[in-house]
Amino acid sequence: MINNKNTDLNVTNSDDKENIPSNTSGNRPFADVLKTNISRRSVLQGSLATAATTFLAPQAMAFDILNEEQPSEGEAPEGLCNFAPLSIEDATQDNTVPSIAWEYKYQVLIPWGTPLEPGIVEEYTGDPTIRPTSKEASQQIGIGHDGMWFFPEDSKYSPYKEYGYELNSKRGMLCINHEFGRTSHVLGKSAPESLEDVRVMQNVHGVSVVAIETDDGWWDVAKSSNSRRITVNTPVEFSGPAAGSALLQNPNGNIPLGTVNNCGSGPTPWGTYLTCEENFNGYFGATEGEGFNDRLTEEQARYGFDYDGFGYGWEFFDKRFDLSDPEYINESNRFGWIVEIDPFDASKKPVKRTALGRVKHEAIAIAESANGQIAAYMGDDQRFDYCYKYVSDLPWQQAIDEGKSPLDEGKLFVARFNDDGTGEWMELTIEDPLLADRFADQAELLINTRIAADILGATPMDRPEWTTIGKNGEVYWTLTNNSRRTTPNAANPEAPNSDGHIIRTTDSGDFLGNTFTWEIYLIASSFRGTEETFTDPDAAWADPFGRLFIGTDGGQPDGLQDQLIVFDTTAEKPVPKRLLTGVNSDEITGFTITPDQRTAFINIQHPGNGDPSSTNFPAKPDGITIPRDCTLVIQRKDGGIIGS
Ligand code: FEO
Ligand code: CA
Ligand code: CA
């Protein structure tokens, strides 16, 4: 989620609200001698060496067409990651449109307001004099494009293992998160004035499952009976250990509905989509007013609830979001979960998998052990919060054959990073006497995962964002920044941590063990002053061949906008290669790719923070049209593999 949200009058101080630490556990490992497993000097030297390879590339521009007017030059470079990176000079010519490395081209796909299927509703094109109705919004692509995954048509495939031309790379279902939109961006006013206004806001949030296809490289929305919108009002199910808990029921007896603030995501090996509920607390408030804060429970405080949330004001028109309404006392416990969606079966309800814990889930990456058990890696994005792992009890195929979900029966762990490069996965189980002292059962423990992790002495991190599994089974964790860290430790070596870092861990026991080793993969500030500069690593995806794609979220140095950068993780040192930069005040997030690896999709989130004087993208610059969050389709001009 955005790092500079407090520029919006509507969402007052929400940067602080969403990132302010709520961890008062005192889990602070002793500061140690800085052992970062990385030589910053050597990184700097490596960066300067490649900085000589700059190209005077024309800036890429595209509106409704692929920007392929630039000639394709030369053969596809050999090697993992040999494209000529976008230079700072070229990237900063015009920040009202994205810029892309010259060997690449992009196309805009599914901006906010696009009909979910061709012809079912009018497109909302960013005209500031009109706004979508709630009904229209429910049939359109939402806003706040974030985590996503492309599921090829006609194949139940394993996204982690199968690549190549035998799978469909021309048509599939795109599952895409709509993390958030500001009220001012969507409604053109600072706060909702009616239930209809709230319903518009609710309907632009959530998830889209949308069929997309291409004939000749140009992608578009297609018809499908499985295309659908999932919002905070869509019926959902709970499963796993907490599903039957009284703490997930309200005196009102209302059925479980919806998902919100869907940030990152991850596919499962059995072909479903996992969407992650992050800053859910911000949508709740208390009509009772400021005095409510004196009555906040420890449990509510640990998740950052308070009387005015992020200022969305839903509580004034929709009682579910009123923390002070005794009829809905446990509604807020129904959010903060990982939610499973079947892209190819619209009749199935989304399922909230409680065994994976309740935190501000950023994203999820699943590794498969040789015996078929899975390990799922998850970050809890808040300053001084933790890294988690879930391990299934059964091999995933066996669980499915027995009619179970691999995500319902398993163990949840939280990480302790030791300063010597080792670490422990500590199980969050009611069998642990320390946790049995605090919680009545596993359900209550899972609903209060953060407090359980505090009790076990987990290591507070610098905002764990995405996770991804590397070529050799190493797990990359983006730690985006932490302006409030005052005491460094080995795993969080910068204080304050202005630019973020990336850690990689390797588990014992073929992903299943409860110990790991770790090293710092990179510290972003070490690239300051070089051509490769970037900060605030956030979205992450590693392909099976050794490339690591990183999207950034934060003010970038040297006039750059947020970036998509690529690393060859098989190289001795990390060398960032800039593939794309976005537009003013946006965030580059989400990443998915077709099985043939020839087409990638990334998202431009909150372009211009919704301000038409900042950018009108994807419309042509006119100073008037409201900028719209959108997906970019990225291809190499020579048809080669993305990232090469
Ligand atoms: Fe939704 Fe932590 O980014
Ligand atoms: Ca993020
Ligand atoms: Ca972020």
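Described in the following lines is the structure provided in the data block. (Residues numbered from 1 in each chain as written. Chains lettered and ligands numbered in written order. Predicted model: local features only at pLDDT ≥ 70, side-chain atom pairs only at ≥ 80, totals over all residues. Heavy atoms only, no water.)

Taken in spatial order, the five strands make up an open sheet running β8-β12-β11-β10-β9, and their pairing is mixed. Strand pairing shows two members of the sheet lacking a second neighbour, β8 (237–239) and β9 (262–267), which therefore form its edges. For this sheet, the mean inter-axis angle between neighbouring strands, taken without regard to orientation, is 30°. Relative to strand β12 (residues 351–353), β8 runs parallel, the two being bridged by three bridges. When the bridges of β12 are listed, E237 appears paired with V351. (Pairing = 2+ DSSP bridges. Helix = DSSP H or I, 4+ residues; strand = E, 2+ residues; numbered from the N terminus. Axes fitted to C-alpha atoms, helices over the stretch in contact; angles between N-to-C directions.)

All right, on to the pairing of strand β21 (residues 475–479) then. Residues in a regular strand project their side chains so that they alternate between the two faces of the sheet. The element β21 is extensively covered by neighbouring structure, given that five of its five residues are classed as buried. The two faces of β21 match: V475, W477 and L479 on one face and Y476 and T478 on the other face are all buried. Sheet analysis places strand β20 (residues 464–469) next to β21, joined by four bridges and oriented antiparallel. Within β21, the residue paired with I469 across the bridge is V475. Hairpin connection between β20 and β21: a loop of five residues separates the two successive antiparallel strands, and G473 in this loop has a positive phi of roughly 85°. (Buried < 20%, exposed > 50% of the residue type's maximum accessible area, 1.4 Å probe, protein only.)

Quick look at the nonpolar core now. Among the nonpolar cores identified, the biggest contains 42 residues, and L564, L579, L580, F591, F617, L632 and I634 are the most heavily contacted of them. Residues contacting L632, with those up to four places away along its chain left out, are P98, Y106, Q107, V108, L580, A600, F601, I602, I604 and F617. Counting 31 residues, the second-largest nonpolar core is a separate cluster that includes V359, W396, L407 and L412. (Core = buried A, V, L, I, M, F, W, Y, C linked by side-chain atoms within 4.5 Å. Contact = heavy atoms within 4.5 Å.)

What follows deals with the coordination of the calcium ion (ligand 2). Looking at the calcium ion (ligand 2), the protein donor atoms are E362 (OE), E465 (OE), D538 (OD) and D538 (OD), and they sit 2.2 to 2.7 Å from it. Read in sequence order, the donor residues coordinating the calcium ion (ligand 2) give the pattern E-x102-E-x72-D. Between the calcium ion (ligand 2) and the calcium ion (ligand 3), a spacing of 3.7 Å is present, and a bridge between the two is formed by E465. Taken as a pair, E362 in strand β13 (residues 361–368) and D538 in strand β24 (residues 537–542) lie far apart in primary sequence, 176 residues in all. Comparing E362 with D538 shows no difference in burial state: the two are buried. (Donors = N, O, S within 2.8 Å, 3.2 Å for Na, K, Ca; no water.)

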